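The residues making up each chain are set out below.
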Amino acid sequence: MSDFKVSIQETSNPTIIKFELNQFITKHQSFEFNNIDEAKDSPLAQQLFYLPFVKKVYISSNFIAIERYNIVEWNDVKTEVAEQIESYLNDGGIAVSDTAVTKKVAVTVYTESTPNPSVLKFVSNKKLVTSSYEFTSIETAKPSPMATALFHFPFVKSVFFDENYVSITKYDIAEWNDISFELREFIKNYIEDAKEIVSPNAPEVVEKSVEKVEAHFETLDDTSKQIVNILEEYIKPAVASDGGNIQFESYDETTKTVKVILQGACSGCPSSTFTLKNGIENMLKEMLAGKVESVVALNG
């Protein structure tokens, strides 16, 4: 498993700050501790309560939120706290023991339509994954127990995970009106039961760790890096809202051709693929004048 990395996130409450992690520390469960006695089932929370300014600790799937007393300002201590959490977890420290009582948070799952009529987006109020994953068959779904379970429905053609949602592509043998409720209930119950969604030690998952992605980025030429940054900033957010994803594949300096991979709702729909391809192509031509002539969109 890759090392834990902590990033600091401000909140709307100046006394509370979030320390977000690059991987999960609970099975999509949430825990709240008001003092060191309550934290007996969380060695990590107990460690944090030794800091005199810690008032409350909240541990969720991939972050720790801490509320402070007013004896300090977060700007003076947040970096040291982040380093302490990172070191603790990387030394094999336990965040929450199996005997801890979870803070009950209701799981909600609702559906959203996508530009691809064969794809429906199931959105949860809990974060499901720390990176995007697409599985196009039960054989490729081995890294994901949840995707494997979904493929046992005969009408499921492919499964795509990103952040807090699952995009499911169906075969034409079924209509969404007949199957969406069944899928929504299955996904909701699966998350509530705290079952594993994606196995963190699977090679395919490790390859998508922050360290691996950053290392690959550094091997790219300058134009490829510019293309990746444009895709991340301008294209991916819009595509994600429609239940899909786009990945940079390659850049050919000689032909000035960019290849991208479309996943989720973006994949397999001729009209949306054409529209998205043209949109990416026009943007890259405008922002990287003279460096890009065409974009080839490949289905994931």
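Residues numbered from 1 in each chain as written. Predicted model: local features only at pLDDT ≥ 70, side-chain atom pairs only at ≥ 80, totals over all residues. Heavy atoms only, no water.

## Points about the sheet that holds strand E1 (residues 6-10)
As a reminder, the rule being used: Strands pair, by our definition, only if DSSP identifies at least two bridges between them. Strands are runs of DSSP state E lasting at least two residues, helices are runs of H or I lasting at least four, and both sets are numbered from the N terminus onward. Only the stretch in contact is used when fitting a helix axis, every axis being a line fitted to C-alpha atoms; angles between N-to-C directions are given from 0 to 180 degrees. Working rule for contacts: check all heavy atoms of both residues, and any pair within 4.5 Å makes them a contact.
Judged by pairing direction, the sheet is antiparallel, and its five strands sit side by side in the order E1-E2-E5-E4-E3 without closing on themselves. The open sheet has two edge strands, E1 and strand E3 (31-33), and neither has a second partner. Shown here is a sheet whose adjacent strand axes are inclined to one another by a mean of 20°, direction ignored. In this sheet, strand E5 (residues 63-68) lies alongside strand E2 (residues 16-21) in antiparallel orientation, the contact comprising five bridges. Bridged to Ile17 within E5 is Ile66. Of the strands in this sheet, E1, E2 and E5 are in contact with helix H2 (residues 74-90), which crosses E2 at around 30°.

## Comments concerning the confidence of the model for the protein
Counted only if it meets this: A residue's pLDDT is the predictor's confidence in that residue, given on a scale from 0 to 100.
Chain-level statistics for the protein give a pLDDT mean of 86 and a share of 91% at 70 or above. Across the protein, element-level confidence peaks in helix H3 (residues 145-150) with a mean pLDDT of 95 and bottoms out in helix H5 (residues 203-206) with 56.

## Observations regarding the sheet that holds strand E11 (residues 244-252)
Note: strands within a sheet are paired through backbone hydrogen bonds, in either parallel or antiparallel orientation. Within the open sheet, the three strands sit side by side as E11-E12-E13. Their pairing is mixed. Each edge of the open sheet carries a strand with a single partner, namely E11 and strand E13 (294-299). Along the sheet, successive strands turn relative to each other by an average axial angle of 25°, direction set aside. Summarising the sheet, E11 and strand E12 (residues 257-264) pair through eight bridges and their orientation is antiparallel. Bridge pairing in E12 places Asn245 opposite Gln263.

## Side note on helix H4 (residues 176-192)
What counts, and what does not: Expected helix span is given by 1.5 Å per residue-to-residue step, counting one fewer step than there are residues. Type-normalised accessible area, obtained with a 1.4 Å probe on protein chains alone, sets the label of each residue: buried when under 20%, exposed when over 50%, and partly exposed for intermediate values. Our arc is simply the arc of the directions from the helix axis toward the C-beta atoms.
In this model H4 runs 23 Å from its N-terminal to its C-terminal C-alpha over 17 residues, within 8% of the 24 Å that 1.5 Å per residue would give. Listed in full, the buried residues belonging to H4 are Trp176, Ile179, Ser180, Leu183, Ile187, Lys188, Tyr190 and Ile191. Seen end-on, H4 carries its buried residues on one side only, within an arc spanning 170°. Pointing more than 90 degrees away from the buried face of H4 are the exposed residues Asp178 and Phe181. At its buried positions, H4 is contacted by strand E6 (109-113), strand E7 (119-124), H3, strand E9 (156-162) and strand E10 (165-170).

## Regarding the pairing of E7
Counting buried positions along E7 yields six of six residues, so the element is predominantly enclosed. The pairing of E6 with E7 spans five bridges and is classified as antiparallel. For Ser113, the partnering residue across the bridge sits in E7 and is Leu120. Between the end of E6 and the start of E7, which pair antiparallel, lie five residues. Bridge analysis of E7 against E10 gives five bridges, and the strand direction is antiparallel.

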